[in-house]
Amino acid sequence: MQKVLNSSILRDQLHSNCLREILRKDDNMALVNQRTSDLKKFYRMTFEMRKTQPNGNSGALVLHTLLVNPSDFNQDEQARGNIIQTLGGAYVQDFGLGLPTVTISGTTGYSIRSSAEHKKMDGFEELTAFRSRIYRKFLQANDPQHSLYWYNWEDDEYYEIQPQDFRVQRSKSEPTLYRYEFRFTCLRRLTKTRKEAAEDYLKRNPSTKKIADKLANNISNIGEFLNKVTGG
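Just so we're clear, the structure is a prediction, and the values are computed from it rather than from any experiment.

Draft legend 1. Structural context of the sheet that holds strand 2 (residues 58–65). Read from one edge to the other, the open sheet built from 7 strands follows the order 2-1-9-10-11-6-3, with strand pairing classed as antiparallel. Two strands in the sheet have a free side with no partner beyond their single neighbour: strand 2 and strand 3 (72–76). The sheet shows a mean angle of 30° between the axes of neighbouring strands, taken without regard to direction. Bridging between strand 6 (residues 101–107) and strand 11 (residues 174–189) involves 7 bridges; their strand directions are antiparallel. Each residue of the ladder has a partner; that of serine 105, found in strand 11, is glutamate 181. Sitting on the sheet, helix 3 (residues 123–141) touches strand 1 (46–52), strand 2, strand 9 (146–152), strand 10 (157–171) and strand 11, and the angle it makes with strand 10 is about 125°.

The structure is reproduced here in structure tokens:
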């Protein structure tokens, strides 16, 4: 019996030593590179509604960053092509890429949290704000001068989008937990507009600027941080 206990203790010690050795590995053994790590720190998705003025300038009407990142994220990119089979072989009608379709789903959380705008919100308040300020407000406006944008900072994807549907679920067993599913179509990938919106985001969200300041060892200023996040 004593031998069995000693063997178990020795095995646990070896396991503990192995874990410590793994943790002591240098930074060259990191699972992701530094740029990916920086993007992951800037992780919550942002939606923005902008209005284009007659002079061509645009300004942000609503800027909403999710209180809790989606638990599920799906992005489907289909090709626009037809394959026609003939006696002599196959003929392909290739029309390039189709419009990506994105579905995000998850919960808005249980507890009170601080939003990117430093507002204290619970899960119900986050749900109503997200649905009313982004989904409903954009569709109810029905204004061609309004555009809705989606900034997926974590995966470096930025698009103008068109909402398709918004689904909310709440169960009797969890009356304070709200689940949602938001589906939208990506109309075009953003270039200059995404950088402008990122600058607006940093100005209006002090907590994000703090994240940028923490990256001072790798990025010398906010401008370089934006270039690193948005790709220039």
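Draft legend 2. Highlighting unusual backbone geometry. The phi dihedral of asparagine 142 is positive, around 50°, even though this residue is not glycine. With respect to the helices, strands and loops of the structure, asparagine 142 is situated in the loop between helix 3 and strand 9. Residue classification places asparagine 142 among the exposed residues on the basis of a relative accessible area of 68%.

Cut-offs applied
- Residues numbered from 1 in each chain as written.
- Predicted model: local features only at pLDDT ≥ 70, side-chain atom pairs only at ≥ 80, totals over all residues.
- Heavy atoms only, no water.
- Pairing = 2+ DSSP bridges.
- Helix = DSSP H or I, 4+ residues; strand = E, 2+ residues; numbered from the N terminus.
- Axes fitted to C-alpha atoms, helices over the stretch in contact; angles between N-to-C directions.
- Contact = heavy atoms within 4.5 Å.
- Buried < 20%, exposed > 50% of the residue type's maximum accessible area, 1.4 Å probe, protein only.

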